[in-house]
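Close look at the chain arrangement
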Number of protein chains: 4
Amino acid sequence: MSTLKPTTSNGTAQNRDWRDRLYTIIFEADTDAGRRFDKMLLVLIVLSVATVIIDSVGAIRSNDYFVLNALEWLFTVLFTIEYVVRLLCVKHPLRYALSWFGIVDLISILPTYLAIIFPEFYYLIDVRLLRMLRVFRILKLPRYFDESQILWQALRNSRVKIMVFLGVVLIMSVILGTIMYVVEGPENGFTSIPVGMYWSIVTLTTTGYGDIHPKTPLGQLITSCAMLLGYGIIALPTGIVGVELAMTMMKRVPTTRTCSSCITEGHESDSTFCKHCGEKLDPYQFEK
Amino acid sequence: MSTLKPTTSNGTAQNRDWRDRLYTIIFEADTDAGRRFDKMLLVLIVLSVATVIIDSVGAIRSNDYFVLNALEWLFTVLFTIEYVVRLLCVKHPLRYALSWFGIVDLISILPTYLAIIFPEFYYLIDVRLLRMLRVFRILKLPRYFDESQILWQALRNSRVKIMVFLGVVLIMSVILGTIMYVVEGPENGFTSIPVGMYWSIVTLTTTGYGDIHPKTPLGQLITSCAMLLGYGIIALPTGIVGVELAMTMMKRVPTTRTCSSCITEGHESDSTFCKHCGEKLDPYQFEK
Amino acid sequence: MSTLKPTTSNGTAQNRDWRDRLYTIIFEADTDAGRRFDKMLLVLIVLSVATVIIDSVGAIRSNDYFVLNALEWLFTVLFTIEYVVRLLCVKHPLRYALSWFGIVDLISILPTYLAIIFPEFYYLIDVRLLRMLRVFRILKLPRYFDESQILWQALRNSRVKIMVFLGVVLIMSVILGTIMYVVEGPENGFTSIPVGMYWSIVTLTTTGYGDIHPKTPLGQLITSCAMLLGYGIIALPTGIVGVELAMTMMKRVPTTRTCSSCITEGHESDSTFCKHCGEKLDPYQFEK
Amino acid sequence: MSTLKPTTSNGTAQNRDWRDRLYTIIFEADTDAGRRFDKMLLVLIVLSVATVIIDSVGAIRSNDYFVLNALEWLFTVLFTIEYVVRLLCVKHPLRYALSWFGIVDLISILPTYLAIIFPEFYYLIDVRLLRMLRVFRILKLPRYFDESQILWQALRNSRVKIMVFLGVVLIMSVILGTIMYVVEGPENGFTSIPVGMYWSIVTLTTTGYGDIHPKTPLGQLITSCAMLLGYGIIALPTGIVGVELAMTMMKRVPTTRTCSSCITEGHESDSTFCKHCGEKLDPYQFEK
């Protein structure tokens, strides 16, 4: 992201200053103006997403057609202005336009305009719902929450373990789905192996819709075993993420104790000497 | 709460004494009389809530109409007396009357009286059910349980993380609800995006009522992925609260007890001598 | 249990010897014979419980009536012999007969005999099912598993916290059940507050049968919030027991380090001096 | 597995060399060729399992009969070649043929051949589905993932505890199933004790299909208690595995690294100097 920032070597000093300030407000969140812009944008996104959600309710759409339409145009114009300003103030507009959020920004304003040019498009509800992609922009905002970083890092660290776990669950669902397809058969709702796999994932995750369920005694016995198995297995991801979380949160405690000689960080509170250079450490004072 | 306590500067000595003693019994739980009052109140609240619950069962109401009515009046009178005494013994009656529990106390006795003045009110079941608010008064009582403090603090400490987590779940449910609204459509029960969101929360929390469930193969595939995702995500709040709980419970083990001779920290509360240098430790005083 | 053991002061030497040996076999599990008896008993209990279970399946009962009846009598005779021997070899037969397992033993053999004396009893299925109580006898046996002790202790230690937690869940279900009774009403299945409470427990535990489910938009909104709440709350018991388990399992590690001077156990691996008497400890060697 | 490796004492030097190389590629994963072979095999297994899954969907089978049949033969021939080569390059072909994976390999290719010899076999869908056993071969491959070892070990270590836990759940389901069979009876779907046990496992694991659910008030009360119980108990396996996982992951942090000067234990792997006395530590060698 930092490569998008306009450098001093580009444009006149005044121009640079103007673009630089806009960039700081729109793309960064370190200044008061930037934080205010982010908050306003968050409110706008939530309101515009709410409009699309409300619009999908048939009864409301027919009653408040004009209000919803006006709101939709308001949001579209505001997001269009934002999109244009973003393009103007980055150094490489094309690079932004082709980035993930650049494309999301474009796709979320396009359907409303297309509706004028091609009126028949307006009735294609699927296209208009692309505006819901705006909700992803909220993900750019939680840079305020230090906490979301911890959660994210715990999930990232347990990435491989969760993949292995999901792989095992997938293999189990293939085997279980096949067994139930054979045991229960199409007459009891298990019309094919994919349906059996769908059922076994519904069962192993303890969701249990009940749209498909075993009817033969043998099928019920197998299901009971599968559920107990799933019950024992539900512990794994919880354990994985829990331990990672604990480690991530623990690690934050001693990261600030720094050796004054070699600047190595993260000494434990009971250390007397730097573990890196052997220099004596300042006595530890627990801050807070 | 302690600001409500009548101070010595108010009223005559005798009056002060009488109000002071009532205050100690009703608002505090440090004396035997106070504890007995709290236990009696707890029993009364549970009985009166049980009466309202039983009253809602049609068959019982028509059979035991007079018994239930009499009990209701008994509880109302008892709680009225309690309310009046509370108003009398606090220094600032208005401040209590406008506090959260003051309002709950008033609202939970009012409906029965209103039923005499406005008989037609008696048939407004919704109003009479306000008596159920009394159940909140139980929350005032668990000051005996030291344990509930630990649970509460663990929840409070993980407040922000759980908010971030719920926010992510909400965004996921918006996206998932929209996708299923498009994929399955109104003919399969997904009549609008809010319904889709309701379904996705039912699914991601692994509740799975089965009132709405995917019927198309593509919908079932998306549901399977969503459930596995939810399965991996269910680990997060468990991990968050678990780690906070561990930290809260660990902290009770005093890490600040320090040997005055060799400055080693973290001695256990039952230690008499420093585990590091063998020097006698100061006798342990549990702070708090 | 040890008070039941016959002491030397009772009976002749020979008689004492005979009863003592039987007692060791039947009530204790330290000898080979005792362990063999326990294993045999476990197999018998499982088989007899399986017989009752199979007997409840209508189709099998009518086909294999005589086989099941014969098995039932075999188990009843065997358990009667065991009951009589138990009465004979304990010092205080009455005390055993009135203990929890003494009553279970009696109740589980009685129904079959009653069926001869009062033939009409035989058709009272409820009475015959009391034989299922034998399954509780398995709980006497897992003394072999050291592990079950850890699980049991972790559950016991978190006893109060889990009670507080269940209390909070109960209060939540009262409030939620009342709200849904008002919002959805009898026409949507919420016929009374107890039914609403049943529904809210089904929902908060994420079981979700789907026999009762919200049908109005407002009810679905409240349900969504309740489920997210339940999702955040499911973490609590997991965290509680997890932390207790961790502590129970951790505590087992350093319990064997003993001060040679004052015989205090449980010194940490980094201790140099006894925390109780200040004597120097032997240097720590991690066994295993 | 290493006992299958051909030793130098067997066959001529050339022959030995040829078999040795094939063995290294097919059975081991330490060379580039071996890893490439494993990846190719993984892709083949996934594709062949996908073919069987797709084949089970009625609509697709009738449309793309010839494509699916051709693919099935292609995979069968490829797996046959692999099976023959495996037999050729191990020292004791019979020992491989009778091993678990040897039998899986044979059974997963046999059905297709049997279909030519006994055409009537072709229509026995159950037999052809034995090809799904190939999916177990994926379990041979995750030797790359170091992580799966940690998960596996955590599950293995908590083996006994999870068995004890499942035993307790089973006893609970016997008791609960019997109670509900008595309380609800066949007219509410609880037709026998096994059905009651199936229902109680569906309930205690919070799956809740809703195919069988309590209809009487007493049954709903018992169910509510059972669910709250299950809710408190779901914590146990999570806690067990979580603690084991934490211990397994912690152990990798070397607690045995000891300063040769002051005998302080537990230095981190990146420490160069003792954190206690400042003495230089021996360079760290990761054991294992």
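Residues numbered from 1 in each chain as written. Chains lettered and ligands numbered in written order. Predicted model: local features only at pLDDT ≥ 70, side-chain atom pairs only at ≥ 80, totals over all residues. Heavy atoms only, no water.

1. Re helix α6 (residues 100-117) of chain C
Residue and element names in this part refer to chain C. For α6, spanning 18 residues, the distance from its first C-alpha to its last is 26 Å, which sits close to the expected 26 Å at 1.5 Å a residue. The largest bend in α6 is about 35 degrees, located at Leu110, with the proline Pro111 one to four residues further on. Every buried residue belonging to α6 is among Phe101, Gly102, Val104, Asp105, Ser108, Ile109, Pro111, Thr112 and Ala115, and all of these are buried. (Helix = DSSP H or I, 4+ residues; strand = E, 2+ residues; numbered from the N terminus. Expected span 1.5 Å × (residues − 1). Bend = angle between axes of the 7 residues up to and from the residue. Buried < 20%, exposed > 50% of the residue type's maximum accessible area, 1.4 Å probe, protein only.)

2. Some points on the UniProt feature "transmembrane region" (unreviewed entry) in chain A
Residues and elements named next belong to chain A. Within this structure's numbering, the places UniProt gives as "transmembrane region" (unreviewed entry) are residues 41-60, 66-85, 97-115, 160-183 and 221-247. The straight-line gap between the two end C-alpha atoms of residues 97-115 is 22 Å; of that span, 89% is helix and 0% is strand. The distance separating the terminal C-alpha atoms of residues 160-183 is 34 Å; by composition the span is 100% helix and 0% strand. (UniProt positions renumbered as here; feature names shortened; annotations may be inferred.)

3. Examining the packing of aromatic side chains
Summed over all chains, the structure comprises 16 aromatic pairs over all chains. Here the aromatic rings of Tyr65 of chain C and Phe66 of chain C are separated by 5.3 Å at their centres, their planes lie at 85 degrees, and the arrangement is edge-to-face. Looking at Tyr65 of chain C, the relative accessible area reads 35%, which means it is partly exposed. Their ring planes at 45 degrees and their centres at 6.4 Å tell us that Tyr83 of chain D and Tyr96 of chain D sit as a pair that is tilted. A residue pair is termed long-range when its members are at least 10 positions apart, and Tyr83 of chain D in helix α4 (residues 65-89) and Tyr96 of chain D in helix α5 (residues 93-97) qualify at 13 residues. One exposure class covers both Tyr83 of chain D and Tyr96 of chain D, and it is buried. (Phe/Tyr/Trp six-rings, centres within 6.5 Å; stacked < 30°, edge-to-face > 60°.)

4. Digging into the environment of Phe101 of chain C
Residue and element names in this part refer to chain C. Tracing the backbone through its elements, the reader meets Phe101 in helix α6. The class of Phe101 is buried, set by a relative accessible area of 19%. Between the alpha carbons of Phe101 and Leu133 there is a distance of 9.8 Å; along the sequence they are 32 residues apart.

5. Regarding the relation of the copies chain C and chain D
For the match of chain C to chain D, the screw axis carries a shift of 0.0 Å, the RMSD comes to 0.0 Å, and the turn is 90 degrees. What the superposition gives is, in effect, a four-fold axis relating one chain to the other. Little of the interface of chain C is mirrored in chain D: 13% of its interface residues are interface residues there too. (Least-squares fit on C-alpha atoms with pLDDT ≥ 70 in both. Contact = heavy atoms within 4.5 Å.)

6. With respect to the confidence of the model for chain A
All names here are of chain A. On average, chain A scores 75 in pLDDT, and the residues at 70 or more come to 71%. Scored below 50 in pLDDT, residues 1-11 makes 22 contacts in the model with residues more than four places away or belonging to other chains. Scored as a whole, the predicted complex attains pTM 0.79, and scored at its interfaces, ipTM 0.76. (pLDDT = per-residue confidence, 0-100.)

7. Description of unusual backbone geometry
Even without being a glycine, Thr206 of chain B presents a positive backbone phi close to 60 degrees. Following the sequence through the fold, Thr206 of chain B ends up in the loop between α10 (193-204) and α11 (217-233).

8. Topic: the environment of Leu22 of chain C
All names here are of chain C. Turning to its location among the elements, Leu22 is positioned in helix α1 (residues 13-27). Spatially, the C-alpha atom of Leu22 lies 9.0 Å from that of Gly34, the residues being 12 residues apart in sequence. Those residues in contact with Leu22 that sit more than four places away from it in its chain are Val85 and Cys89.

9. Topic: the packing of α4 of chain D against helix α6 (residues 100-117) of chain D
All names here are of chain D. Contact geometry of α4 with α6 gives a least axis separation of 10 Å together with a crossing angle of 135 degrees. The pairing of α4 with α6 is recorded here as oblique in orientation. In terms of crossing hand, the pair formed by α4 and α6 is left-handed. Contacts from Glu72, Trp73, Thr76, Val77, Phe79, Thr80, Tyr83 and Arg86 of α4 reach α6 at Gly102, Asp105, Leu106, Ile109, Thr112, Tyr113 and Ile116. The class makeup of the residues in the contact of α4 with α6 is eight nonpolar, four polar and three charged. (Axes fitted to C-alpha atoms, helices over the stretch in contact; angles between N-to-C directions. Parallel < 35°, antiparallel > 145°, perpendicular 65-115°, else oblique. Left-handed = near helix turned anticlockwise from the far one by under 90°. Nonpolar A, V, L, I, M, F, W, Y, C, P; charged D, E, K, R; others polar.)

10. Description of helix α4 (residues 65-89) of chain B
For α4 of chain B, built from 25 residues, the straight-helix expectation of 36 Å at 1.5 Å per residue is met to within 8% by its first-to-last C-alpha distance of 36 Å. For α4 of chain B, the complete set of buried residues consists of Leu68, Glu72, Phe75, Thr76, Phe79, Thr80, Glu82, Tyr83, Arg86 and Cys89 of chain B.

11. Comments concerning the packing of helix α2 (residues 32-55) of chain D against α4 of chain D
Residues and elements named next belong to chain D. Between α2 and α4, whose axes approach to 10 Å, the crossing angle comes to 145 degrees. Pair α2 / α4 crosses with left-handed handedness. Packed against α2, whose contacting residues are Phe37, Leu41, Leu44, Ile45, Leu47, Ser48, Thr51, Val52, Ile54 and Asp55, the element α4 presents Leu68, Leu71, Glu72, Phe75, Leu78, Phe79, Glu82 and Arg86 at the interface. Looking at the contact of α2 with α4 residue by residue, the classes come out as 12 nonpolar, two polar and four charged.

12. Topic: the side chain of His213 of chain B
Here His213 of chain B lies in the loop between α10 and α11. Accessibility expressed as a relative area gives 15% for His213 of chain B, which makes it buried. A polar side-chain atom of His213 of chain B sits 3.2 Å from a polar atom in the side chain of Asp211 of chain A. Filtering out sequence-adjacent residues up to four positions away, His213 of chain B remains in contact with Tyr209 and Asp211 of chain A together with Glu184, Asn188, Phe190 and Trp199 of chain B. (Polar contact = N/O pair within 3.5 Å; in protein donor to acceptor, adjacent residues only side chain to side chain.)

13. What about the interface of chain C and chain D?
Counting residues at the interface gives 45 residues for chain C and 39 residues for chain D. Carbon and sulfur atoms supply 79% of the area buried between chain C and chain D, which totals about 3700 Å² over both sides. Between the two partners, chain C and chain D, sit zero salt bridges. Our count for the contact surface shared by chain C and chain D stands at four residue pairs in polar contact (both at pLDDT 80 or more). (Buried area = accessible area lost by both parts, 1.4 Å probe. Salt bridge = Lys/Arg side-chain N within 4 Å of Asp/Glu carboxyl O.)

14. A look at the side chain of Ser192 of chain A
By the secondary structure assignment, Ser192 of chain A is in the loop between α9 (159-183) and α10 (193-204). Those residues within four positions of Ser192 of chain A in sequence are excluded, and the remaining contacts are Tyr181 of chain A together with Ser56 and Val57 of chain D.

15. Regarding a nonpolar patch on the surface
Residues and elements named next belong to chain A. Among the surface-exposed residues, Val67, Leu71, Leu74, Val77, Leu78 and Ile81 lie close enough to one another that they form a single nonpolar patch of about 470 Å² accessible area. Locating Leu74 in the fold gives a position in helix α4 (residues 65-89). Judged by its relative accessible area of 46%, Leu74 is partly exposed. (Patch = residues over 30% accessible without salt bridge, like charges linked within 9 Å, V, L, I, M, F, W, Y side chains within 5 Å. Areas by Shrake-Rupley, 256 points an atom, 1.4 Å probe, with all protein chains shown as cover.)

16. What to know about the pattern of salt bridges
All names here are of chain B. Applying the stated rule across the entire model yields four salt bridges over all chains. Taking the shortest distance from any N to any O, the salt bridge between Glu82 and Arg86 comes out at 2.5 Å. Of this pair, Glu82 and Arg86 are both found in helix α4, four residues apart, which corresponds to roughly one turn of the helix. Each member of the pair Glu82 and Arg86 is classed as buried.

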